[in-house]
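Examination of the molecular architecture
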Amino acid sequence: QVQLMESGGGLVQPGGSLRLSCATSGFPFSSYDMRWYRQAPGRQRELVAGIASTGVRTNYGDSVKGRFSISRDNAQNTVYLQMNSLKPEDTAVYYCNAKKWTVVDGLLDYWGRGTQVTVSS
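Residues numbered from 1 in each chain as written. Predicted model: local features only at pLDDT ≥ 70, side-chain atom pairs only at ≥ 80, totals over all residues. Heavy atoms only, no water.

On to the state of the cysteines. Applying the stated criterion across every chain, the model contains one disulfide. Covalently, Cys-22 is tied to Cys-96 through a disulfide, its sulfur atoms 2.1 Å apart. An S-S torsion of about -85° defines the bridge between Cys-22 and Cys-96 as left-handed. Taken together, the residues span a long stretch of sequence, with Cys-22 in strand S3 (residues 18-25) and Cys-96 in strand S9 (residues 92-102) at a distance of 74 residues. We classify Cys-22 as buried; its relative accessible area is 0%. We classify Cys-96 as buried; its relative accessible area is 0%. (Disulfide = S-S within 2.5 Å. Helix = DSSP H or I, 4+ residues; strand = E, 2+ residues; numbered from the N terminus. Buried < 20%, exposed > 50% of the residue type's maximum accessible area, 1.4 Å probe, protein only.)

Take Thr-115: it is sitting in strand S11 (residues 115-119). Non-local contacts of Thr-115, meaning those with residues more than four positions away in its chain, are made with Glu-6, Ser-7, Gly-8, Gly-9, Leu-20, Ala-92, Val-93 and Tyr-94. (Contact = heavy atoms within 4.5 Å.)

All right, on to the environment of Leu-81 then. Tracing the chain through its elements places Leu-81 in strand S8 (residues 78-83). Separated by 24 residues in the primary sequence, Leu-81 and Asp-105 have C-alpha atoms spaced 29 Å apart. Setting aside residues up to four positions removed in sequence, Leu-81 forms contacts with Leu-18, Arg-19, Leu-20, Trp-36, Val-48, Ala-49, Phe-68, Ser-69, Ile-70 and Tyr-94.

Our next topic: the pattern of salt bridges. The full count for this structure, using the stated rule, is five salt bridges. Salt-bridge contacts for Lys-99 lead to Asp-109; the nearest nitrogen and oxygen are separated by 3.0 Å. Of the two residues, Lys-99 is situated in strand S9 and Asp-109 in strand S10 (residues 106-111); the sequence distance between them amounts to 10 residues. Overall, Asp-109 belongs to the partly exposed group, its relative accessible area being 31%. Through salt bridges that share partners, Arg-38, Glu-46, Arg-67 and Asp-90 make up one connected network. (Salt bridge = Lys/Arg side-chain N within 4 Å of Asp/Glu carboxyl O.)

Bringing the sheet that holds S3 into the picture now. The strands making up a sheet are joined through hydrogen bonds of the backbone, oriented either antiparallel or parallel. Spatially, S1-S3-S8-S7 is the arrangement adopted by the four strands of the open sheet, whose pairing is antiparallel. The open sheet is flanked by strand S1 (3-7) and strand S7 (68-73), the only strands paired with a single partner. Put simply, the sheet's adjacent strands are angled 15° from each other on average, direction ignored. With five bridges joining them, S1 and S3 adopt antiparallel strand pairing. Following the sheet pairing, Met-5 is matched in S3 by Ala-23. (Pairing = 2+ DSSP bridges. Axes fitted to C-alpha atoms, helices over the stretch in contact; angles between N-to-C directions.)

Spelled out as structure tokens, the structure:
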């Protein structure tokens, strides 16, 4: 059974930091690209950060560049999102996503249930 479990969300003051974790099981983690998305009330889900299966390549949404950092531990089947210099506009539910394109099965796409991040004084 595929599982993606986010943790580490919470309430933090502007300028603070949080580290999100996404523990996974049930699929070959090391062969999947991993991404963090977020969705604020009344807004579309947006890509926050992505990391390739090998961990060599990363990409970030424009609004978080220079403040957030994505990493992964393939031995622990876990992906992380370090969030620094948090702003109120970072408030959202953050989702972990695993994605892999295959010739036989097409797109394999798994999601966690999300963790709430609230940035407020």
